[in-house]
Each structure stands twice: as C-alpha cells, then as structure tokens.
Amino acid sequence: MAKIQPVLTPAELAFVQGKRNRLEPEELGQLAKQLASAGNATEAARIKERITRGFYGI
C-alpha cells in the first residue's frame, strides 16, 4: 500500500521549510491534544505529520 502524504497549508510549509526548527514541547503538546480529539482519519494523519516534522525539525 502506498503511503499518502498529507497536504500542508502554505503557512505550515513555510514554517517547516524556512526555519528548520523543532517545535517547542508546548507546541507539540497542543498538537497531541488536537490529535486526541481529531474527528476523522484524514485530520489525524495531517496532525501526525505536523508532530513528526516538528519533532525532528524537518
């Protein structure tokens, strides 16, 4: 099965590509809360991608 990459918003893409910084623990915690309350699998996948990129700073 092919892995489907979630589409990032332009603001998210600029943040991820431009700064190359890791997210602060508070920001990761907020994303974790959003993930826990995600309404569907698509939204959850998008948030997981943001968490991964923010954790590794990519």
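Structure: above.
Along each chain, the written sequence defines residue order, and numbers are assigned to residues from 1. At least 70 in pLDDT is required for a residue's local features to be given in this predicted model, at least 80 for side-chain atom pairs to be given and counted, and no such filter applies to totals for whole chains, interfaces and linings, which use all residues. Excluding hydrogens and water, the side-chain values take into account all heavy atoms of the structure.

The next subject is the environment of Thr-42. A helix here means a DSSP run of H or I that spans at least four residues, while a strand means a run of E at least two residues long, and both kinds are numbered starting from the N terminus. Looking at where Thr-42 falls in the secondary structure, it is placed in helix H3 (residues 41-56). Relative accessibility under 20% of the residue-type maximum defines a buried residue, over 50% an exposed one, and the middle range a partly exposed one, all with a 1.4 Å probe and only protein chains included. Overall, Thr-42 belongs to the exposed group, its relative accessible area being 63%. A C-alpha to C-alpha distance of 7.9 Å links Thr-42 and Pro-6, two positions 36 residues apart in sequence.

Here the focus is H3. One less than the residue count of a helix, multiplied by 1.5 Å, gives the span that helix is expected to have. Helix length check: H3, at 16 residues, gives a terminal C-alpha distance of 23 Å against a target of 22 Å (1.5 Å per residue), a fit within 8%. Those residues of H3 not exposed but buried are Ala-44, Ile-47, Glu-49 and Gly-54. Considering only its buried residues, H3 is in contact with helix H2 (25-36). Whenever a nitrogen or oxygen atom comes within 3.5 Å of another N or O atom, the pair is scored as a polar contact, on the condition that within protein one atom can donate a hydrogen and the other can accept it, and that pairs from neighbouring residues in sequence are kept only if both atoms are in side chains. With a side-chain oxygen positioned 3.1 Å from the backbone nitrogen of Thr-42, the residue opening H3 is Asn-40. Just downstream of H3, Gly-57 is the residue with a positive phi angle, here 75°. Any two residues whose heavy atoms approach within 4.5 Å at even a single point are treated as in contact.

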